[in-house]
Amino acid sequence: MKKNFSPSRRNFLLKSAAALGAVAAFPTIVPSTVFGATAPSNRINLGMIGMGLMMGGHLEGMLNRDDVQVLAVCDVVENRRNEAKQHVEKKYAEKAPSGSYKGCDAYLEYEKICERSDIDGVFVVTPDHWHALCSLAAMRAGKHVYCQKPMTLTIREGRLMSDTARQYGIVFQVGSQQRSERAFRRACEIVRNGWIGKVHTIYTSLGEFAPPTTLAEQPIPAGFDYDRWLGPTPWYPYNEERVKGDYGGGWRRFWEYGSRKNGDWGAHHFDIIQWALGMDDSGPVKFIPKGYDGHEFQTHYYADGTRVLRDHPTRNGQMIQFIGAGGEVLVSRGNRLETTPAELAKMPLLPSEAHLYESNDHEGNWLECIRTGRKTICDAEIGHRTATICHLSGIAERLGRPIEWDPVEEKILNDPSAERWYDRPRRAPYVL
Amino acid sequence: MKGTKEMKNKFFSLVRIGLFFAIALGLTAGAFAQTPPEELIKQLTGKAQAPEAAQLADSYQKALDYLIPLMAADNVESRYNPQIQLQNLGSYAARPGADAQREVFAKVLIQNLEKPQVSGVVKNWFVLQLERVGAAESVEPLAKLLKSDDVNLRDYARRALEKNPAPAATDALLKELTAAKDVNAKVGLINSLGQRKVEKAVAAIKPALDDKELKVACAAAGALANIGDKNSVDTLFSVLENKSGALQVKAGQGLVYAGRELIAHNERAAAGRIFEGLNKALDKPKSKENSLFFLRVAALNGLVACMPDQGAKLVVAMAQDADPKVRAAAVKAARQAPTKDALAALGQLMPKLDADGQIQVLTLLSERGDLSSVKYAKEALKSDNEPVRLAAIQTLTRLGSDEGAGALLELAASAQGETQKAALEGLARMVGPLVDEAVLAGAASGKPESRAVAIGLLGERQVSGASEKLAAYAAEEDEKVSAAALKALGDVASANDVASLAGLLAGVKSVEARKSGEAALKSALGKVTDKEAAAKLVVAKLNGAQPEGKIALIRTLSAAASPSAVKAVTEAAQSADENTREAGIRALSNWPDFEAGAFLLEAASKADLPMPQYVLATAGVIRLVKESKSAPLDKRTELCLAVLDKARRPDEKKLAIAALGSLPGQQAADRLMKLVQEPEFKVEAGLAAMELAGNMRGTNKDAAKKLAEDIRKLDISPDVNSRADKLLKDN
């Protein structure tokens with residue numbers, strides 16, 4: 001399989017890279033101090049929505065920065081929001097000359113954060129079914145948004161969020177942080193520049209959750225606003241397993257609150273695949289569920305025939321494997337990058353080749369863009385397009401048949417029943 | 001008579017055919033009656049031969065008779081699979097081109113909804129399927145459920161009607177809205193009507209704007225925005241003008257949404273009118289309030305997108321506002337502009353803006369990529385404020401032009417610190433058809449400092465055909481120019497440049513230039529396939545080379561390992577001149593091939609070899625012993641033992657003992673067992689023996705075990721014992 005790679009071949013490939021449109025990317029060179037950002041009056045003030053498992057890292061990251069200030073936290077669980085408030089105040093007290101600090105509010109309702117004129121941006125780190133409602137309310141109130149992946153629960157939510165961000169001039173970052181990892185960017189640049197020739201097949205590993213289940217009703221714990229936790233999703237009796245934050249299951253198992261593994265790891269890996277293929281404003285055209293008509297793997301196809309197979313075993317257990325006519329790229333977290341030919345991994349990019357957006361700090365990129373007005377590395381349109389792949393894969397799985405998709409018009413084709421899954425009706429009184 | 005007989009025959013034939021069909025039908029019906037429900041579900045989900053059309057309803061009923069009790073089983077967790085089987089029935093029934101089957105399925109679901117034995121949980125699932133597959137046949141039954149006592153079932157039904165494609169579903173929702181009293185129910189119904197985008201609902205929704213419950217009024221505003229017809233838009237404007245607080249904000253947000261939808265459908269003129277009206281309505285002092293201010297921002301964005309001239313004027317006016325948030329909003333709005341007017345206006349305005357405003361404009365200019373912006377960014381390079389200069393460099397980098405490249409070259413040569421670093425980084429990445437030409441021109445003439453910068457960039461940018469020019473610059477007298485050119489050659493040099501680089505290196509005088517030249521020649525040699533021919537080119541330059549140049553050339557030969565290179569280096573290793581000898585030994589100690597080991601050993605064996613060179617030579621042999629895994633094991637062991645036997649000092653002996661651990665064979669094991677008897681080396685030998693045992697496990701498990709056991713018995717040290725124990729345990 002190993003191909004010879006020579007400078008002359010590279011020059012030849014450059015022609016195709018030029019056709020792709022070279023992008024001069026540049027890492028952040030404008031320091032955050034440019035606006036006197038560490039001065040209290042110039043700090044970016046934040047509200048944190050959803051204080052569960054996933055928020056831990058984000059909150060600590062923000063508390064350790066001098067250029068932001070966490071002013072409020074929000075959660076449907078009373079203990080959790082109160083503990084978060086205490087934690088924030090304790091951390092700031094440690095830094096304060098007086099040794100004490102009281103300046104973080106705890107809310108049940110995210111709407112209260114949106115109403116505050118002194119808050120500039122919000123982290124939305126709720127389960128997926130709340131991403132759109134919280135983000136839209138925040139954007140309409142002029143708040144910049146860092147929203148965890150997958151950005152949405154339905155395709156329509158994504159279109160609405162992307163349009164709203166554009167209309168209100170919001171700096172939006174989706175938490176697909178693999179874009180800010182060097183190896184993934186490098187893998188995408190190798191693919192984008194045609195160094196492995198035309199990519200025809202991509203394998204990616206998402207893994208599996210245990211199947212969803214029905215659960216016996218349990219008493220709702222005191223201080224837990226379960227109705228608000230369910231929000232726009234259909235009513236089901238309370239059970240701890242349903243609401244639990246758990247990377248291996250919990251609410252992530254259920255279709256009501258996400259797209260299972262497609263929305264979990266797919267939101268990361270499909271996102272990188274989109275980036276590598278230069279499809280950030282578009283997407284695949286056909287989705288085939290696993291098991292349909294002899295398909296051993298869940299698969300989606302791009303218009304040029306490139307296919308993406310889920311959970312096909314990748315070489316060396318890597319997360320994503322791009323296979324092209326002239327080589328391969330394999331990439332994983334922890335900056336694991338392998339190429340065939342091997343020298344591609346370290347070959348420098350020429351100025352005339354496509355340099356992708358460079359960010360080495362996903363949260364920092366969002367904050368920098370708030371200050372400069374620059375687009376983030378994973379903005380709402382990108383997040384929407386990636387989430388669309390997650391959702392369409394899940395819809396095809398549940399319908400048990402392929403779905404054809406028009407990524408320009410953003411419509412499911414030739415299947416009126418499947419079209420109804422474009423959005424989900426919301427339980428009253430929750431509206432977008 | 002004949003005719004009568006024929007008639008009789010015909011009659012009997014018909015009777016026989018009739019009997020045949022009757023029996024066949026009976027058999028089929030019998031077979032159907034006996035079909036197990038799981039098999040029936042397979043048939044109804046496309047996984048087995050489908051039932052006859054006439055039997056579809058009965059088949060669905062039989063399937064539901066089977067599923068209903070399972071979906072309400074006492075064992076709650078067991079309910080999931082039958083629920084999914086029901087969903088699969090619906091998904092298959094609603095596949096494209098099977099509307100008749102979909103209708104049959106929906107009707108059977110509806111019939112069962114009314115049965116008393118069907119529990120609430122099961123009804124919810126039935127209605128959820130109707131949400132996905134129901135059409136006209138489902139409207140009336142769903143409308144009845146809107147009056148259910150079960151609040152959850154009512155909401156399931158409302159959602160199913162929201163998705164129902166039949167126009168009658170709108171009527172059902174409207175009818176219920178007029179009767180609804182509960183706040184949540186009203187919100188749900190209004191929202192569903194909005195989602196259906198039906199103009200006939202506007203009249204029924206409008207009164208809800210005055211509902212005493214704010215939630216209901218806001219839902220009405222949202223629904224009108226979704227419908228977005230003229231009546232709705234006029235109504236929302238009226239709310240914006242006449243109401244206050246959350247409802248006013250909601251109306252404004254609704255207008256923004258309605259405008260955005262019109263843009264999406266390419267109705268920019270109509271959208272522009274909405275944004276113009278919105279901007280006018282909000283152009284009041286109170287609009288600086290947070291929520292209204294962001295509506296104004298949205299209106300401005302819309303105006304810029306739909307009415308570029310008007311939008312550009314507004315952008316310029318707002319960019320000079322005293323309030324920084326207004327200025328930032330204006331810059332952002334310029335991003336949406338389809339023409340360059342707003343961009344140019346902001347560029348001209350930039351000197352009047354403060355630092356943060358200038359950076360925002362520069363970022364915008366870089367994202368828009370319009371070359372006419374180069375002049376503004378160039379001007380910003382002169383700023384006293386470093387972050388502004390950095391932003392300007394970033395902008396010029398992204399714009400990529402010869403004019404910008406020239407400005408950055410000048411800056412890179414004259415500036416210092418972060419500014420210089422950023423300029424160089426920008427120049428290395430800059431894209432543009434004439435950028436390389438600008439860099440070539442900068443390299444060719446000017447002050448030595450600026451030429452050196454440009455020359456370095458020729459290498460970093462790997463400018464095509466630059467190596468010939470770089471070779472010429474490397475030969476120049478000026479040390480800055482020469483060193484920069486030699487360094488750059490390291491980036492661009494190819495196999496063809498070996499001779500010229502060797503010639504340059506032979507004559508180079510400065511230390512810096514020599515270092516760069518050596519790296520460049522090594523890089524070029526690394527790309528050569530015919531190492532022997534390349535080595536001959538380098539060797540040919542040894543005669544007549546400057547003394548330091550000769551030493552540098554010798555050091556490069558390890559990158560061209562071949563007979564001629566070995567010969568030249570071994571000769572150097574035996575030279576009477578100490579510097580040349582050291583260079584030879586150093587080159588051999590870095591040699592990639594095992595063959596250098598014998599030469600190094602020979603050199604190390606000479607009693608008069610100075611100690612530093614002896615240490616270098618011995619370390620080289622040990623490296624080759626350990627790394628040359630493709631060389632025969634007995635040769636590697638032999639070489640290692642020779643170092644051990646001829647070592648001048650205990651330090652080198654210990655190195656050799658440790659290396660024995662990497663040579664998985666009996667010879668090494670035997671020697672280590674002897675060495676453990678020597679008090680001075682027993683610990684090193686014991687540790688090496690355990691490493692050896694570990695290495696031998698794959699090829700000779702028994703020998704490895706015996707070695708570990710023998711060492712363990714000797715009780716050399718706690719560390720050695722622990723390693724032996726681990727090995728014995730793992731074995």
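Residues numbered from 1 in each chain as written. Chains lettered and ligands numbered in written order. Predicted model: local features only at pLDDT ≥ 70, side-chain atom pairs only at ≥ 80, totals over all residues.

Brief notes about the overall build of chain A
Working step 1: Looking only at helices and strands, chain A has 14 helices and 17 strands in total.
Working step 2: Rg of the C-alpha trace for chain A: 22 Å, near the compact-globule value of 22 Å for 432 residues, within the 12% margin.
Working step 3: A buried classification covers 56% of the 432 residues belonging to chain A. (Helix = DSSP H or I, 4+ residues; strand = E, 2+ residues; numbered from the N terminus. Rg over C-alpha atoms; globule rule 2.2 N^0.38 Å. Buried ≥ 20, exposed ≤ 12 C-beta atoms within 10 Å, placed from the backbone.)

Points about the interface of chain B and chain A
Working step 1: Each partner contributes residues to the interface: chain B has 67 residues there, and chain A has 44 residues.
Working step 2: Among the elements that line the side of chain B that touches chain A, the one with the most residues is helix H16 (residues 290-306) of chain B, at 8 residues. (Contact = placed C-beta atoms within 7 Å.)

Things to note about the confidence of the model for chain B
Working step 1: Of the residues in chain B, 95% reach a pLDDT of 70 or more, and the chain-wide mean stands at 90.
Working step 2: Interface confidence in the predicted complex, given as ipTM, is 0.91; pTM for the same model is 0.81. (pLDDT = per-residue confidence, 0-100.)

Some points on helix H28 (residues 479-492) of chain B
All names here are of chain B.
Working step 1: The terminal C-alpha atoms of H28, which comprises 14 residues, lie 20 Å apart, in line with the 20 Å expected from a rise of 1.5 Å per residue.
Working step 2: The buried fraction of H28 is high, at 11 of 14 residues.
Working step 3: Taken together, the buried positions of H28 are occupied by Val 481, Ser 482, Ala 483, Ala 484, Ala 485, Leu 486, Lys 487, Ala 488, Leu 489, Asp 491 and Val 492.
Working step 4: Those residues of H28 that are buried lie in contact with helix H26 (448-460), helix H27 (466-474), helix H29 (498-507) and helix H30 (511-526). (Expected span 1.5 Å × (residues − 1).)

Observations concerning the pairing of strand S1 (residues 44-49) of chain A
Residues and elements named next belong to chain A.
Working step 1: By the criterion of burial, S1 is predominantly enclosed, with 5 of the 6 residues buried.
Working step 2: Note: S1 against strand S2 (residues 68-74), 6 bridges, orientation parallel. Bridge pairing links Met 48 to Val 73 in S2.
Working step 3: Crossover connection from S1 via helix H2 (residues 55-63) to parallel S2: handedness right-handed. (Pairing = 2+ DSSP bridges. Right-handed = clockwise from strand over helix to strand, strands pointing away.)

Focus on the environment of B:Lys243
All names here are of chain B.
Working step 1: Its place among the elements puts Lys 243 in the loop between helix H13 (230-242) and helix H14 (245-264).
Working step 2: Lys 243 gets classed as partly exposed once you count the C-beta atoms within 10 Å, which come to 17.
Working step 3: As a C-alpha pair, Lys 243 and Asp 210 span 33 residues in sequence and 9.9 Å in three-dimensional space.

With respect to the sheet that holds strand S16 (residues 403-406) of chain A
All names here are of chain A.
Working step 1: One open sheet holds the 9 strands; their spatial order is S15-S14-S13-S7-S12-S11-S10-S16-S17, and the pairing between them is mixed. Only two strands of the sheet have a single partner each, and these edge strands are strand S15 (336-340) and strand S17 (411-413). The sheet shows a mean angle of 20° between the axes of neighbouring strands, taken without regard to direction.
Working step 2: Note: strand S14 (residues 327-332) against S15, 5 bridges, orientation antiparallel. Note that in S15 the partner of Ser 332 across the bridge is Arg 336. (Axes fitted to C-alpha atoms, helices over the stretch in contact; angles between N-to-C directions.)

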